[in-house]
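Descriptive structure summary
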Amino acid sequence: MDVRHPFSRRRFFGGVAAAVGALGIDPKFSFGQVRTEQFTGGEAQYDAYVKLASNENNWGPPPAVMEAMQHGFKYANRYGNPDGNIMQAIAEHHGVKRENVLLTAGSGEVLDVVGTTYLQNGKVVLGADPSYGSVYQHATTIKSDAIKLPLLKDFRQDIPGMIAAANRNARDIGFFYLCNPNNPTGVVVSAKEVRQVVEGLPKDMPILIDEAYHHFVDDPAYGTAIPYVLEGRPVIVARTFSKIAALAAMRIGYAIAPADIIQRLRAYSINSVNVAAKFGAAASLKDTAGQAEVRKKVIALRTSTSKELEAWGYPVIPSQTNFFMVSLHDKTVQPTIQAFREKNILVGRPFPPMLNHLRVSIGRDEDMQKFLVAFKEIFPKRAPVTSNMAGGQQ
């Protein structure tokens, strides 16, 4: 359900088919795809790629986390084993109680579990578009739907519009969704705007706030939503160890929410987090110095790469994450993905309707240098631009 146009499933798929042909997009590509496909080649082929597609931590887990995971493997043959006291570690890290924590297989499971819990009996989710599509894809999977409001011209989420739509459709909404910072744009919802959401919605409407990229924000206007949990508001905050903690393949994340909400969510959680992931995650919470160093590197490379792209004539949406979006002007993403792949660089998938913007993850310094060399080989130099021009490129 899209508030921009009357929705027709037949017209939607017919329009997509036409657009696929017109834009030169591979018809095998699924616009609903939101998770990284499993690589099917050999290790040597995989290791040869520069990986700037999936917003991973390209520096990898630090030694202390690797050692903790290795320690956890001694319980690989056990059920009900020690777990590094991960639940208590998360609770203490955020100043909440264990009853406010739900451990999950990545924050993606949080999004799915919230959907399964609250999108029953015809209820729908309301959020921005484009945003992290897993929430909307899961709604479709369980035969629900979504009310999606387009981003503003400066790529911010339309908070007043979303609040108004939520109140107009309150009877039909199962929960309100914010990805903050947003994926794929990297743009934050300010703390002031989050407060407007919390205070502007019906008091019993659950609010899911996905903070997967929280650690990379340096905008002082931003703030985590966890204090609202302490106030007893119906706020669910999703966090992951996949990004700053470099544990993407280990599949571990969590939700922070009021105890009664956690109890409801737990009924649909599959309790599948493995023992090594638990020990590694617990160790990562103690690695404040290491994470601060990764954060520093990401912000520096995000800034320098964006400036160089804009000097080459390609606007970058100002990002607060470990990725950014660059405007390709009149070029489209799908052929660009293939062009980079031929240069052994993996970059982000298409994010309709932003098919002229490419999402690029932040890698190590040598990764970003290879990306910039490839970009300049693929795209001709244009008149320099600055980031304040990016808002007009949607």
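Residues numbered from 1 in each chain as written. Predicted model: local features only at pLDDT ≥ 70, side-chain atom pairs only at ≥ 80, totals over all residues. Heavy atoms only, no water.

A word on the pairing of strand 10 (residues 323-327). Of all five residues in strand 10, five are buried; the element is thus mostly enclosed. Covered by surrounding structure in strand 10 are Phe323, Met325 and Ser327 together with Phe324 and Val326, the residues of both alternating faces. The turn linking strand 9 (residues 316-317) back onto strand 10 is made up of five residues. The sheet contact formed by strand 10 and strand 12 (residues 357-361) spans five bridges and is antiparallel. (Buried < 20%, exposed > 50% of the residue type's maximum accessible area, 1.4 Å probe, protein only. Helix = DSSP H or I, 4+ residues; strand = E, 2+ residues; numbered from the N terminus. Pairing = 2+ DSSP bridges.)

Here the focus is the pattern of salt bridges. The tally for this structure, following the rule as stated, stands at eleven salt bridges. Among the salt bridges present, the one from arginine 302 reaches aspartate 218, with a minimum N-O distance of 3.4 Å. Here aspartate 218 lies in the loop between strand 6 (207-210) and helix 9 (226-230) and arginine 302 lies in helix 12 (residues 288-311), a separation of 84 residues in the sequence. Three or more residues are tied together by salt bridges with common partners; here these are Arg195, Glu199, Glu231 and Arg233. (Salt bridge = Lys/Arg side-chain N within 4 Å of Asp/Glu carboxyl O.)

The next subject is the sheet that holds strand 6. Note: strands within a sheet are paired through backbone hydrogen bonds, in either parallel or antiparallel orientation. Strand order in the open sheet formed by seven strands is 2-8-7-6-5-3-4, and the pairing between neighbours is mixed. At either end of the open sheet lies a strand with only one pairing partner, and these are strand 2 (101-104) and strand 4 (146-150). Each neighbouring strand pair of the sheet contributes to a mean axis angle of 20°, computed without reference to strand direction. In the sheet, strand 6 pairs with strand 7 (residues 235-240) via four bridges, with the strands oriented parallel. (Axes fitted to C-alpha atoms, helices over the stretch in contact; angles between N-to-C directions.)

Below, the discussion takes up the nonpolar core. Within the largest apolar cluster, 59 residues are counted, with the highest numbers of intra-cluster contacts made by Ile90, Leu126, Phe176, Leu178, Val235, Phe241 and Ile256. Leaving out residues up to four positions away in the same chain, isoleucine 256 has contacts with Ile90, His94, Val96, Asn100, Val101, Ile226, Val229, Val235, Ile236 and Val237. By size, the runner-up hydrophobic cluster in this structure holds 31 residues, among which are Leu52, Val294, Val347 and Phe379. (Core = buried A, V, L, I, M, F, W, Y, C linked by side-chain atoms within 4.5 Å. Contact = heavy atoms within 4.5 Å.)

Quick reminder: α-helices carry 3.6 residues per turn. Residues three or four places apart thus point the same way. Across its twelve residues, helix 11 (residues 275-286) extends 18 Å between first and last C-alpha, which sits within 8% of the 16 Å expected from 1.5 Å per residue. Among the twelve residues of helix 11, eleven are classified as buried, and the element is accordingly described as predominantly covered. Val275, Ala276, Ala277, Lys278, Phe279, Gly280, Ala281, Ala282, Ala283, Ser284 and Leu285 are the residues of helix 11 that are buried. Against helix 3 (63-72), helix 4 (86-94), strand 2 and helix 12 lie the buried residues of helix 11. N-cap assignment for helix 11: the residue whose side-chain oxygen lies 3.0 Å from the backbone N of alanine 276 is asparagine 274. (Expected span 1.5 Å × (residues − 1). Polar contact = N/O pair within 3.5 Å; in protein donor to acceptor, adjacent residues only side chain to side chain.)

Now for empty space enclosed by the protein. According to the stated counting rule, one finds one cavity of 30 Å³ or more in the structure shown. Space inside the largest cavity adds up to approximately 40 Å³. Contributing to the lining of the largest cavity are Glu56, Asn57, Asn58, Trp59, Phe216, Lys243, Val294, Val298, Asn322 and Ile362. (1 Å grid on protein atoms, 1.4 Å probe; cavity = no way out; pocket = protein on both sides within 12 Å on 5 of 7 lines; lining within 4 Å. Points joined across faces, edges and corners; volume = space filled by probe spheres on them.)

Quick look at the environment of alanine 267 now. Along the chain, alanine 267 turns up in the loop between helix 10 (259-266) and helix 11. Separated by 154 residues in sequence, alanine 267 and valine 113 place their C-alpha atoms 8.8 Å apart.

What follows is about the packing of aromatic side chains. In total, this model carries eleven aromatic pairs according to the counting rule given. Pairing phenylalanine 241 with tyrosine 254 gives two aromatic rings, centres 5.6 Å apart and planes at 50°, and the pair type is tilted. Taken together, the residues phenylalanine 241 in the loop between strand 7 and strand 8 (253-256) and tyrosine 254 in strand 8 connect sequence positions 13 residues apart. In this pair, the class of phenylalanine 241 matches that of tyrosine 254, namely buried. Ring pairing ties together the aromatic residues Tyr314, Phe324, Phe340, Phe371, Phe375 and Phe379, which thus form one cluster. (Phe/Tyr/Trp six-rings, centres within 6.5 Å; stacked < 30°, edge-to-face > 60°.)

A sheet is described by the order of its strands in space; here three strands give the open sequence 9-10-12, paired in antiparallel fashion. Every other strand in the sheet has two partners, leaving strand 9 and strand 12 as the edge strands with one partner each. Relative to strand 10, strand 9 runs antiparallel, the two being bridged by two bridges. Paired with isoleucine 317 across the two strands is methionine 325, which belongs to strand 10.

Let us now look at the packing of helix 5 (residues 106-118) against helix 10. Between helix 5 and helix 10, the shortest axis-to-axis distance is 9 Å and the interhelical angle comes to 90°. With respect to their mutual orientation, helix 5 and helix 10 come out roughly perpendicular. Facing Val113, Val114, Thr117 and Tyr118 of helix 5, the residues of helix 10 in contact are Ile261, Arg264 and Leu265. When the residues that make up the contact of helix 5 with helix 10 are grouped by side-chain class, the tally is five nonpolar, one polar and one charged. (Parallel < 35°, antiparallel > 145°, perpendicular 65-115°, else oblique. Nonpolar A, V, L, I, M, F, W, Y, C, P; charged D, E, K, R; others polar.)

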